[in-house]
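Residue strings, one per chain:
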Amino acid sequence: MPESTTKTVDELARLKERARILAQDKSYLQLIINLMNKVSAAQGLDNMIEALLNNILDVIGGTNIILYYRIDEDLYRADLFTKQLKLDRIDDDLVRKSFDSGEPQEVEHDFSDTQMLTPEFTMAYTWVFPLLAGGEMVGVIKLENLHIAMRKLYSELPTFFAYVASALKNEIVGLTRLEIAYDRVSEMNEELKLKIEERTEIEGKLLLASDELEERVAKRTEELRNANEQIRHELEERTSAEEALRKSAEEILDLYNHAPCGYHSLDKDGLFIRVNDTELQWLGYTREEIVDVKKFADLLTESSLRLFQDHFPLFKAQGCARDLEFEMVRKDGTILPVLLGATAITDNDGNFIMSRSTIYDISERKIVAETEHLLSAIVQSSNDAIIGKDLNEVILSWNKGAERIYGYSAEEAVGQRIPMLVPPEQEGELKEIMAALRRGEMIEHYKTERLRKDGRRISVSLTISPLKDAAGCIVGASAIARDITEQVRAEEDAVKLNADLEQRVADRTSDLVAKGRELLTSQQALMNIVEDLNAQATELEKANARLQELERLKSMFIASMSHELRTPLNSIIGFASILLNEWLGPVNVEQKENLATILRSGKHLLTLINDVIDVSKIEAGKIEVRPEEFDLYDLLTEAIQYVVKDIQEKGLALHLGIEHRRIFTDKQRLLQCVINLLSNAVKFTKAGSITLVSSGSNGPPDGEAEDLTRQETSFVIITVQDTGIGIAEEDISRLFQPFVRLVSPLWATIPGTGLGLYLTRKLTVEVLRGEIHCQSTLGEGSTFTLSIPERLNEKGTGN
Amino acid sequence: MKKVLVIEDNMDNLRLISYALQRHGYEVISAETGIRGVELAISERPFFIIMDINLPGIDGFEATKRIRQSEANGDIPIIAITSYAMAGDMERIMAAGCTGYFEKPIDPMTIVDKIHVLLGVK
């Protein structure tokens, strides 16, 4: 298989693996999103915690999920078995670490002692994760005994827990102290309103009674005076009228004594000269202990005493005093707060005679005032804006919370109208609110936007209640506004977080789709490659078939060459010989020369054809190796026979150094090689000698030790040496190549096929399994060395 | 005069061999086919036979076998002449019953001397 295909297959496997992981991630993300949706669908803190615990266990696994959370300063714990247990302290080290550091904690532990688990699940993983919302520690969640193999899937959990933290915070904020304070305030407000109404009613009745009494006293006094006059006038004559008068006086006294308020009179020194029973009862004294004994000042607290000392002289001068608050001290030491009004009785000259004072017990009214003060303080201390307004939307009251939320001070806001807080597009909404209020309806937790003094918009939750007067008529409204900008932002963040996750799922899905397409493209490319390869294989097969056909044709060509070319040459050479040797009669000199040329050319052509056929056979691997056993001496002697005639004709000396040696090799091919070498030697030597030497050797003559089998083989060395023209050093390397006719003026006249040495080397190496080397000096002569294995094995390789 | 039978379908070769044989004093009888050659070998009883292997009809191998199977002529030397020898030809020639063989081209100057050497004549 080609490298590119292997690469594509690897790539394919990699893509498949990637696709599988993406699919897994996607489904896991979808689980997390489902989890978030379930948690966010739960209403209220309890439901949310239950949903959280159950669903986390379903999706993530483990043996228990424990949630620790804070409401105000109190710490709670909830798990699958126990709901909302209040804790004094955290008893879990990991959880405490996470609370203190705000970092997740994780621990692996051995799990083998648990019976419920399968054998491979012996290691578990516990993870504690802090729930942080906007940097605030809301709680900590502990996931116990998760499957260790799932660990890599928990990478999305931090995101989910951030969401859980936000959701939890929202629920917990709904239960804050402010809410409780607000409820208390509302309750107390209602209660106090009732009390105030009651007191006001009583007070009104009291004042009414008091005025009536005054009037009646004045009237009675007048009547008495008149009666006295009348009595004085009619004493003598109307004695019976005395009795009636006495009764009337008793009635008045009774009224005086038992009035629902205290009466007393002081002389110019402030000494009690008269006091009614009601006041005596309030103070716990008897009349005897007071009248002509105690001064009013004796019965006052220190601060009231100063007030009295300031006012009494003034009173005596002006003749009246109104609404003075004094703290009187009862006989038992307790304090009686009173409201005092007094008129001065003077004689006709205007001299002070005595006071006539009325006191009201205002201890209950004091409590009301204190309560009002407390209420006011609560309202002021609330973080929520608490605003009073009339039906014309004019602001009547403005607490600190309102100052903080809206940025206007109380001075700036009171007297202004509500629409300044409302964004232009919300004005319609304001009208609806006012209409609802006029109908007496209450508006609760209405979420809208408002404008701050600095122009910023804030999200608020409004609760608006109609305010009624004592008669039940709606006179205005109280509005409580809570700044929920952070909460809204947290919700938006949660929504955005959710959207982000959805987007990531979408992204990964499209990634997956893209990868899928890539996969298809790769597959297509792979199929194309395979098709190409198939096509190439078919081409190769065809080419192979053509080559085999060509090879067959070539063999046929060689066989027919061998026959068809030799047959006519046989006749040319044969008949030329017969004529030349004058078997058929004498020929003249010129005819002899011509016949000799025909013979020589015929022989040359025959050699050429034989060489070409041999080379073709060797190159086609068709040459047969026919080893046989023979004496090397006989072979060399036979070879010499072919050249001895030429040697004698040229007048060269022949030196022989040949020995008897039984060898086993292809006799005909060895003969062909030796004849070739000898022919060349004779051909290129004009004078001197030809030397033929044979010897044995244990290894190749050049000592190359690359082949161990060859080193152990015995070799035969045959050397052909001449004293001819020699070969230039640079030409030796080209010597054994086909059709090389070395350029030399001396060679020009020497015939040759150009295949002789090429064929000799081929035969030596490929048939005889030996080597051939040449050493030569230009102009001095050449030495060709043939070394072949002494015994060629039957398969045609050395030994 | 001793007779030599030459079984050869190529007229040029036949003439060439005939020159050489006649020069050494032989009477040449010839056949152009294997069948004819076998008949002449049996009827004429030549001193030796020169047999071309590549013949039309029955080839030299077959002709040699038939001559060897005729009891009367079982010992006549048969010299095979082959074109450029192919693998196994040598063995087949000797197996068929030939006394020896020569490859073409035939040198008329030396062929009869070589045959004499082979047959141990003179």
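## Remarks on the overall build of chain A
The helix and strand tally for chain A stands at 20 helices and 23 strands. Restricting to contacts in chain A with at least 6 residues of sequence separation, those with at least 24 account for 58%.

## Remarks on the overall build of chain B
Along chain B, the regular secondary structure elements total 5 helices and 5 strands. Taken from N to C terminus, the helices and strands of chain B fall in the order β-α-β-α-β-α-β-α-β-α. Taken across its 122 residues, chain B has 36% of its residues classed as buried. Put simply, 59% of the contacts in chain B that link residues at least 6 apart link residues at least 24 apart.

## Some details on the nonpolar core
All names here are of chain A. Ranked by size, the top nonpolar core spans 37 residues in total, and within it Leu52, Leu67, Leu131, Ile141, Phe161 and Val164 carry the most contacts. Contributing elements (two or more residues each) for this core: helix H1 (3-41), helix H2 (44-60), strand E1 (64-71), strand E5 (123-133), strand E6 (136-147) and helix H4 (157-173). With 8 residues, H4 is the largest single contributor of residues to this core. Non-local contacts of isoleucine 141, meaning those with residues more than four positions away in its chain, are made with Ile65, Leu67, Phe129, Leu131 and Phe161.

## Focus: the pairing of strand E15 (residues 457-468) of chain A
Residue and element names in this part refer to chain A. Bridge count for strand E14 (residues 443-451) against E15 is 7 bridges, and the pairing is antiparallel. Within E15, the residue paired with isoleucine 443 across the bridge is isoleucine 464. What sits between E14 and E15 in their antiparallel hairpin is a turn of 5 residues, with glycine 455 showing a positive phi close to 90 degrees. Where E15 lies against strand E16 (residues 474-483), 9 bridges are found, and the strand directions are antiparallel. In the strand pairing of E16, isoleucine 464 is matched with alanine 479. Hairpin remark: E15 followed by E16, antiparallel, with 5 residues in the connecting loop; positive phi at glycine 472, about 90 degrees.

## Considerations on the interface of chain A and chain B
Taken together, the contact pairs 16 residues of chain A with 15 residues of chain B. By residue number, the principal contributor to the side of chain A that touches chain B is helix H14 (residues 485-580) of chain A, which donates 12 residues. Of the residues contributing to the side of chain A that touches chain B, the split by class is 6 nonpolar, 8 polar and 2 charged.

## A look at helix H15 (residues 589-619) of chain A
Residue and element names in this part refer to chain A. The terminal C-alpha atoms of H15, which comprises 31 residues, lie 45 Å apart, in line with the 45 Å expected from a rise of 1.5 Å per residue. Considered for burial, the residues of H15 that qualify are Gly602, Asp611 and Asp614. Phi for glycine 621, located one or two positions after H15, is positive at around 70 degrees.

## Some points on the confidence of the model for chain B
Confidence in the prediction for chain B averages 87 pLDDT; 93% of positions are at 70 or higher. This complex was scored by the predictor with a pTM of 0.39 and an ipTM of 0.85.

## Describing the sheet that holds strand E5 (residues 100-103) of chain B
Residue and element names in this part refer to chain B. Within the open sheet, the 5 strands sit side by side as E2-E1-E3-E4-E5. Their pairing is parallel. Looking along the sheet, the strands with just one partner apiece sit at the ends: strand E2 (27-31) and E5. The mean inter-strand angle of the sheet, taken between neighbouring strand axes irrespective of direction, is 20 degrees. Direction of pairing for strand E3 (residues 48-52) relative to strand E4 (residues 78-82): parallel, over a ladder of 4 bridges. Looking at the pairing, methionine 51 lines up with alanine 80 of E4.

## A word on the pairing of strand E10 (residues 335-346) of chain A
All names here are of chain A. Pairing of strand E9 (residues 320-329) with E10, which is carried by 8 bridges, proceeds in the antiparallel orientation. Following the sheet pairing, valine 329 is matched in E10 by isoleucine 335. Counting the residues between successive antiparallel strands, the hairpin from E9 to E10 contains 5 residues, one of them, glycine 333, with a positive phi of roughly 90 degrees. Counting the residues between successive antiparallel strands, the hairpin from E10 to strand E11 (residues 352-361) contains 5 residues, one of them, glycine 350, with a positive phi of roughly 90 degrees.

## Details of the environment of Ser355(A)
Residue and element names in this part refer to chain A. Among the structural elements, serine 355 can be located in strand E11. For serine 355, a count of 25 C-beta atoms within 10 Å puts it in the buried group. Distance from serine 355 to isoleucine 273, taken between C-alpha atoms, is 9.3 Å for residues 82 residues apart in sequence. Once residues within four sequence positions are removed from consideration, serine 355 is found in contact with Ser265, Leu266, Ala342 and Ala344.

## A few points about the packing of helix H2 (residues 34-44) of chain B against helix H3 (residues 60-69) of chain B
The axes of two packed helices give the description: the angle between them and the distance between them. Residue and element names in this part refer to chain B. Across the interface, H2 lies against H3 with an axial gap of 9 Å and an inter-helix angle of 25 degrees. Comparing the axis directions of H2 and H3 gives the class roughly parallel. Seen from above, H2 lies across H3 with right-handed handedness. Between H2 and H3, the contacting residues are Gly34, Gly37, Val38 and Ala41 on the first element and Gly60, Glu62, Ala63, Arg66 and Ile67 on the second. Looking at the contact of H2 with H3 residue by residue, the class counts come to 4 nonpolar, 3 polar and 2 charged.

## Considering unusual backbone geometry
All names here are of chain A. Positive phi values are uncommon outside glycine, yet aspartate 292 reaches one of about 65 degrees. The phi torsion at arginine 769 lies on the positive side, around 60 degrees, for a residue other than glycine. With respect to the helices and strands, arginine 769 occurs in the loop between helix H20 (756-767) and strand E22 (771-777).

## A word on the environment of Thr719(A)
Residues and elements named next belong to chain A. When you line up the elements, threonine 719 lands in strand E21 (residues 715-722). Threonine 719 gets classed as partly exposed once you count the C-beta atoms within 10 Å, which come to 19. With near-sequence residues (within four places) excluded, threonine 719 lies in contact with Val693, Thr783 and Thr785.

## Focus on the confidence of the model for chain A
Residues and elements named next belong to chain A. Here chain A shows a mean pLDDT of 81. Residues at 70 or above account for 86%. Within chain A, no element has a lower average pLDDT than helix H18 (residues 708-711), which sits at 46, and none a higher one than E21, at 94. Between residues 703-711, whose pLDDT stays under 50, and residues either more than four places distant or in other chains, the model counts 5 contacts.

## Regarding the sheet that holds strand E12 (residues 385-390) of chain A
All names here are of chain A. Read from one edge of the open sheet, 5 strands run E13-E12-E16-E15-E14, paired in antiparallel fashion. Strand pairing shows two members of the sheet lacking a second neighbour, strand E13 (395-398) and E14, which therefore form its edges. The mean angle between the axes of side-by-side strands here comes to 30 degrees, regardless of whether they run parallel or antiparallel.

## Some words on the packing of H15(A) against H20(A)
All names here are of chain A. The geometry of H15 relative to H20 is characterised by a closest axis approach of 10 Å and an angle of 40 degrees between their N-to-C directions. Between H15 and H20, the angle falls in the class oblique. When you trace H15 past H20, the crossing you get is left-handed. Every residue of H20 that contacts H15 at Asp611, Asp614, Val615 and Ile618 is listed here: Gly756, Tyr758, Leu759, Lys762 and Glu766. Taken together, the residues of the contact of H15 with H20 break down into 4 nonpolar, 1 polar and 4 charged.

## Let's talk about H2(B)
Residue and element names in this part refer to chain B. Those residues of H2 lying buried are Gly34, Gly37, Val38, Leu40 and Ala41. Taken end-on, H2 shows its buried residues confined to a sector of 165 degrees, consistent with a single buried face. Where H2 is buried, its residues meet strand E1 (3-7), E2, E3 and H3. Directly after H2, the chain includes arginine 45, whose backbone phi takes a positive value near 45 degrees.

Procedures and definitions
- Residues numbered from 1 in each chain as written.
- Chains lettered and ligands numbered in written order.
- Predicted model: local features only at pLDDT ≥ 70, side-chain atom pairs only at ≥ 80, totals over all residues.
- Helix = DSSP H or I, 4+ residues; strand = E, 2+ residues; numbered from the N terminus.
- Contact = placed C-beta atoms within 7 Å.
- Buried ≥ 20, exposed ≤ 12 C-beta atoms within 10 Å, placed from the backbone.
- Core = buried A, V, L, I, M, F, W, Y, C linked by C-beta atoms within 7 Å.
- Pairing = 2+ DSSP bridges.
- Nonpolar A, V, L, I, M, F, W, Y, C, P; charged D, E, K, R; others polar.
- Expected span 1.5 Å × (residues − 1).
- pLDDT = per-residue confidence, 0-100.
- Axes fitted to C-alpha atoms, helices over the stretch in contact; angles between N-to-C directions.
- Parallel < 35°, antiparallel > 145°, perpendicular 65-115°, else oblique.
- Left-handed = near helix turned anticlockwise from the far one by under 90°.
- Arc of directions from axis to C-beta.

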